[in-house]
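One-letter residues, chain by chain:
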Amino acid sequence: MIPMGVFVLVWTGYNFPLDKINTGMIALSVVTVFFSSFLRIQLPRTKIHLTISDALVFLSMLIYGSETAIVLAALESLFTSLNFRNKGITIKPKTICLNIAIAAVTTFATAIALKLLFAVPVETVESLGNSQFALTLTAMALCQFLVNSICVSIFISIKSEKSLWEVWNEYCLNALVIYAAGAGFAGVSVKALHQIDMVLFAVVIGFASLLFMTYRRYVDDVKQTAAKAEQAERERAEQAEKHVEELQHHIAEQEKTSEALRESRERFRHAAYHDTLTDLPNRNKFIETLQFQIEKAKHNPQYRFAVLFLDLNRFKTINESLGHSVGDQLILHVAHRLMNLVGKKDLVARFSGDEFAIILTKISGAEDAAQFAELIKQKISSPFTIEGRQIFTSVSIGIAFGNALYKQAEDVLRDADIAMYHAKESKHTYEIFNPTMHARAVTLLQLETDLRHAIERNELIVYYQPIIDLKNMQLRGFEALMRWSHPQRGIVPPNEFIPVSEETGLIIPMTLWILRESCEQLVKWQQRNPLNGLLMISVNLSGKHFARPDLVQQVKQILDETKINPKCVKLELTESAVMDNAETAIEMLKQLRALGVQLSIDDFGTGYSSLSYLHRFPIDMLKVDRSFVSTMEEGTENGEIVRTIISLAKTLKLNVVAEGIESIHQLHQLRVLGCEYGQGFLFSRPIPSHEIDKILDDRNRWQRILPESNLNFMNQGDEISLLHLSQ
Ligand code: C2E
Ligand code: MG
Ligand code: MG
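Parameters and conventions
Just so you know, the residues in each chain are numbered from 1, in the order the chain's sequence is written. Ligands are numbered from 1 and chains lettered from A, in the order in which they are written. Owing to the predicted nature of the model, reporting of local features is limited to residues with pLDDT of at least 70; listing and counting of side-chain atom pairs is limited to 80 or more, with chain, interface and lining totals taken over all residues. Each side-chain value is worked out from all heavy atoms of the structure, with water and hydrogens disregarded. Two strands qualify as a pair provided that DSSP identifies no fewer than 2 bridges between them. Put simply, DSSP marks the helices as runs of H or I at least four residues long and the strands as runs of E at least two long, and each gets a number from the N terminus on. Note on method: axes are straight lines fitted to C-alpha atoms, helices fitted across the in-contact stretch only, with angles between N-to-C directions ranging 0 to 180 degrees. Here, two residues are considered to be in contact whenever any of their heavy atoms come within 4.5 Å of each other. A donor here means an N, O or S atom no more than 2.8 Å from the metal, or no more than 3.2 Å when the metal is Na, K or Ca. Since water is not included, a site may seem to lack partners. Remark: exposure states derive from per-residue accessible area (1.4 Å probe, protein chains only) relative to the maximum for the residue type, with buried under 20%, exposed over 50%, and partly exposed in between. Each reported salt bridge corresponds to a side-chain nitrogen of Lys or Arg within 4 Å of a carboxyl oxygen of Asp or Glu. Where a domain begins and ends is set by an automatic assignment or by a domain database. In short, buried area is how much 1.4 Å probe accessible area vanishes from two parts on joining, totalled over both. Side-chain classes follow a simple rule in which Ala, Val, Leu, Ile, Met, Phe, Trp, Tyr, Cys and Pro form the nonpolar group, Asp, Glu, Lys and Arg form the charged group, and the remainder, Gly included, forms the polar group. We call a residue near a given molecule or strand whenever any one of its heavy atoms falls within 4 Å of it. N or O atoms closer than or at 3.5 Å make up a polar contact, with two conditions inside protein: a donor-capable atom paired with an acceptor-capable one, and, for residues adjacent in sequence, both atoms drawn from side chains. For the accessible areas, the method is Shrake-Rupley and the probe is 1.4 Å, while residue cover comes only from the protein chains on display. For patches, a residue must show more than 30% relative accessible area and have no salt bridge; joins then use 9 Å for like charges and 5 Å for nonpolar side chains, namely Val, Leu, Ile, Met, Phe, Trp and Tyr. What is meant by a nonpolar core is a set of buried Ala, Val, Leu, Ile, Met, Phe, Trp, Tyr and Cys residues, joined one to another through side-chain atoms within 4.5 Å. For a helix, the expected span equals 1.5 Å multiplied by the residue count minus one.

Quick look at the sheet that holds strand 4 (residues 347-350)
In space, the 5 strands of this open sheet follow the order 4-5-3-8-9, with mixed pairing throughout. The sheet is open, and its two borders are formed by strand 4 and strand 9 (430-432), each paired with just one other strand. On average, each strand axis in the sheet is tilted by 20° relative to the strand beside it, whichever way the strands run. Examined bridge by bridge, strand 4 and strand 5 (residues 355-360) share 4 bridges and lie antiparallel to one another. Looking at strand 5, one finds that arginine 350 is bridged to phenylalanine 356. Contacting strand 3 (305-313), strand 5, strand 8 (394-402) and strand 9, helix 14 (residues 409-426) runs over the sheet at an angle of about 145° to strand 8.

Overview of the coordination of the magnesium ion (ligand 3)
Geometrically, a metal with four donors at the corners of a regular tetrahedron has ideal angles of 109.5 degrees, and one with six donors at the corners of a regular octahedron has ideal angles of 90 or 180 degrees. Donor atoms from the polypeptide that bind the magnesium ion (ligand 3) are Asp602 (OD), Asp603 (OD), Glu659 (OE) and Glu659 (OE), placed at 2.0 to 2.5 Å. Donor residues for the magnesium ion (ligand 3), ordered by position in the chain, follow D-D-x55-E. Separating the magnesium ion (ligand 3) from the magnesium ion (ligand 2) is a gap of 4.0 Å, bridged by aspartate 602, which donates to each. Given a relative accessible area of 6%, aspartate 602 falls into the buried group.

Digging into the coordination of the magnesium ion (ligand 2)
Protein coordination of the magnesium ion (ligand 2) is provided by Glu479 (OE), Asn540 (OD1), Glu572 (OE) and Asp602 (OD), with donor distances spanning 2.0 to 2.2 Å. One chain supplies every donor to the magnesium ion (ligand 2), and in sequence these donors are spaced E-x60-N-x31-E-x29-D.

A few points about the pattern of salt bridges
A side chain with one charge can pair with a side chain of the opposite charge if their charged atoms come near. Taken as a whole, this structure holds 24 salt bridges when the rule is applied. The shortest N-O distance in the salt bridge between aspartate 275 and arginine 350 comes to 3.2 Å. Highlighted residues: aspartate 275 in the loop between helix 9 (198-273) and helix 10 (283-299) and arginine 350 in strand 4, separated in sequence by 75 residues. We note that aspartate 275, like arginine 350, is buried. Put simply, lysine 298 and glutamate 295 hold a salt bridge, and the shortest N to O gap is 4.0 Å. Of this pair, lysine 298 and glutamate 295 are both found in helix 10, 3 residues apart, which corresponds to roughly one turn of the helix. For lysine 298, a relative accessible area of 38% corresponds to the partly exposed category. Judged by relative accessible area, which is 32%, glutamate 295 ranks as partly exposed. Each member of the salt-bridge network shares a partner with another, and the members are Glu479, Glu572, Lys623 and Glu659.

Brief notes about the domain arrangement of the protein
Per the domain assignment, the segments of the protein are domain 1 (2-195), domain 2 (199-270), domain 3 (283-433) and domain 4 (456-726). Between the C-alpha centres of domain 3 and domain 4 there is a distance of 40 Å. The interface is formed by 6 residues belonging to domain 3 together with 7 residues belonging to domain 4. For the pair domain 3 and domain 4, the two sides together bury roughly 550 Å², of which 53% comes from carbon and sulfur. On the surface where domain 3 and domain 4 come into contact, there are 0 salt bridges. Of all the secondary structure elements, the ones that give two or more residues to the side of domain 3 that touches domain 4 are helix 11 (315-322) and helix 14. Here the element with the most residues in the side of domain 3 that touches domain 4 is helix 11; it accounts for 3 residues. Looking at the side of domain 3 that touches domain 4 residue by residue, the classes come out as 1 nonpolar, 2 polar and 3 charged.

Details of the site of ligand 1
Around ligand 1, 20 residues are found, and the nearest of them are Asn540, Asp602, Arg626, Glu662 and Phe681. Glutamine 465 is positioned such that a nitrogen or oxygen atom in its side chain is 3.0 Å from a nitrogen atom of ligand 1. Contact between ligand 1 and glutamate 479: an oxygen atom at 3.0 Å from a side-chain N or O atom of the residue. When ligand 1 is considered free in solution it has 780 Å² of accessible area, and contact with the protein chains removes 85% of it. Ranked by the residues each element gives to the shell around ligand 1, the list is headed by strand 11 (residues 474-486), at 4 residues. Tallied by class, the residues present in the shell around ligand 1 amount to 7 nonpolar, 5 polar and 8 charged.

Quick look at the environment of histidine 422
Mapped onto the elements of the fold, histidine 422 is located in helix 14. Measuring from C-alpha to C-alpha, the distance between histidine 422 and asparagine 472 comes to 47 Å, with 50 residues separating the pair along the chain. Aside from chain neighbours lying at most four places away, what touches histidine 422 is Glu431, Met437 and Arg440.

So, a nonpolar patch on the surface
Taken together, the side chains of Leu142, Leu146, Ile150, Ile154, Ile158, Leu164 and Leu176 define a hydrophobic patch exposed on the protein surface, amounting to about 570 Å² of accessible area. Looking at the nonpolar patch element by element, the count peaks at 5 residues for helix 6 (residues 130-160). Here isoleucine 154 is to be found in helix 6. Judged by its relative accessible area of 39%, isoleucine 154 falls in the partly exposed class.

Thoughts on the nonpolar core
Phe546, Leu592, Phe617 and Leu670 are the most contacted members of the largest nonpolar core, which totals 84 residues. With 10 residues, helix 17 (residues 507-528) is the single largest residue contributor to this core. Not counting chain neighbours up to four residues away, the residues in contact with leucine 592 comprise Phe546, Leu551, Val552, Val555, Leu571, Val597 and Leu599. With 36 residues, the next largest nonpolar core counts Leu56, Val57, Met61 and Phe145 among its residues.

So, the pairing of strand 14 (residues 569-574)
In summary, the side chains of a regular strand alternate between the two faces of the sheet. By the criterion of burial, strand 14 is predominantly enclosed, with 5 of the 6 residues buried. Relative to strand 14, strand 13 (residues 536-541) is paired through 5 bridges, and the arrangement is parallel. Of the residues in strand 14, the one forming a bridge with valine 539 is leucine 571. Bridge analysis of strand 14 against strand 15 (residues 598-604) gives 5 bridges, and the strand direction is parallel. Its bridge partner lying in strand 15, leucine 571 is registered against leucine 599.

Things to note about helix 3 (residues 53-64)
The first and last C-alpha atoms of helix 3 sit 15 Å apart over 12 residues, in line with the 16 Å expected at 1.5 Å per residue. For helix 3, the buried fraction is high: 11 of the 12 residues fall into the buried class. Those residues of helix 3 that fall on the buried side of the exposure criterion are Ser53, Asp54, Ala55, Leu56, Val57, Phe58, Leu59, Ser60, Met61, Leu62 and Tyr64. Positive backbone phi, approximately 100°, marks glycine 65, located one or two places after helix 3.

This is how it looks when you write it as structure tokens:
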């Protein structure tokens, strides 16, 4: 385009009619350049600037010929470009050259076209007839428009990569009106000038100005509207962007909330299925897994698994004597050892307190489970070091084998639990469940329920069995023994319900009841007759109760409330209750003794008393178990045992009571051995309180058992043996 422009300009320079230069031409040139620079309108949404100079270029073409018009067009283009630059719009020199070239070429092409079309020099067209003149103007406008718009469109199309048609249609088509108007204006101006009708010329100028101003106003309005629309669009876009941001924020917030919700749900789930102390699965989780194993066994009858129910022995004592913190740590250590024993697919759970349960999967038979139980025994029986001290414990394990016949997980667990109780009773490390155990458990359960009712309905009663001073055969006191007056079964002996009450903890309220009842009763008897003032009452204390730290306080309260002389109260403890945890027992015995009561060890000889401890126990009396007394015969082992116990008691400065004296023979022997007190069917069976009233009225009744001469006989020491007496 630029070379073409150069060619046109050179050609124009060469042919320029210098003779035509006059003030009119110079004025027209100045006005053209002036208008092009200042009176310009940018077509809305296009890069096209329109000026009235187009009309003036047409005018110069009509008045002075094509060369003048080309020069003016080129100049106008140059000034317009420079004006852009002054306003700070970047416009490259190459683009300026291009604009000039387009202007020159366009005008040149228009001049050529007019010459070819009408074969007259352009400047003489005013001499044509009106219709011919109008046609010329139309051709001029069209030609100028087409060449210019096509050149501009090519240029924009190359830059914007849009199709030529698209560009032309979008940016240039509107300009046709302006060219038409410009040509019209030029034509009318030429006509007006030639007819020297100044009024008409003024009207034309006025009309043209009016038209130009109106159009400019219109364009401004359009621009303003477009700007407003753009502003509104921008605001809407901003608003939309804001909304999107808000929405994204909202979504992020919601995601955060749901994440937090998910986390807390997981935490809750974990808490619901785990034990807080050890973080092992708890009962719920265990039952769920167990149920799953049962289902598995249903699908595959060959599949076998075992449930092991574990309970630590003497944990309660450890917990209560060494404190709960040590107890907790022991549980943690045990949990840890168990965890290290099981396989990946097995499960260890902690239920409560010292109870654990294990699911052993993939076992081939009973031996596997038994071997595993032995392994547990070994691991648990090696000492635990807690807070600098060594703690020993052992474990009782019940084993139940799972199979498809079980419907519910709880049933397998119940059977393992029953087997565990059997292990505890039998003092074996483990027991394997068999159905007879279940039947017994059901009976025991029924017994427990009945016993609870019995307590509520006051069906428990106290029987009293006299204890006799063997020296003078006088009544020394009574042992309070519990009975259950069952509505159907009659009087139920204690060995049928005491073990259950110990297991269930019912023994504690029962013991407190019998202690209060018998103390009140003794106080009544003592008040009735001063001779009864030295009578004593013995009450049995369960080992379970003995381990309770509040025992001392409970006994003290009963002593205070019944106003009994504490010296008249004797508490009987079994050997195992005190020996199981000797150090704690010594402390407890001291505290009880400080209340003023007497203490005796019941059923002595049946347990495993450590003699090293025995002398440290603050006790007053040993009760020889009736199994030794009942079979006591000259020279037999039992006779020897009784003799040994009595001499041991004498060494330790303890009194001895012999239980279960049923025959005169036994009485004689015991008296010879120097046994201070006796109790047995020979003197009286345990009887209710109203029958004791009769005994109290006949206090010397037992003296009649022995011949007069024997009454004051008592051996003087160990040197008189059973053998001597029988001789
Ligand atoms: P225990 O404390 O050794 O009581 C003595 C038991 O020997 C009583 O049995 C008594 O009736 C029995 N007995 C006394 N003399 C003879 C005799 O000459 N021949 C025979 N064959 N037996 C005799 P009981 O009353 O059946 O009590 C059994 C056990 O039940 C008691 O043994 C005691 O360990 C327990 N017991 C009874 N009452 C209570 C109680 O209130 N609390 C606690 N913790 N245990 C109790
Ligand atoms: Mg007793
Ligand atoms: Mg006894």
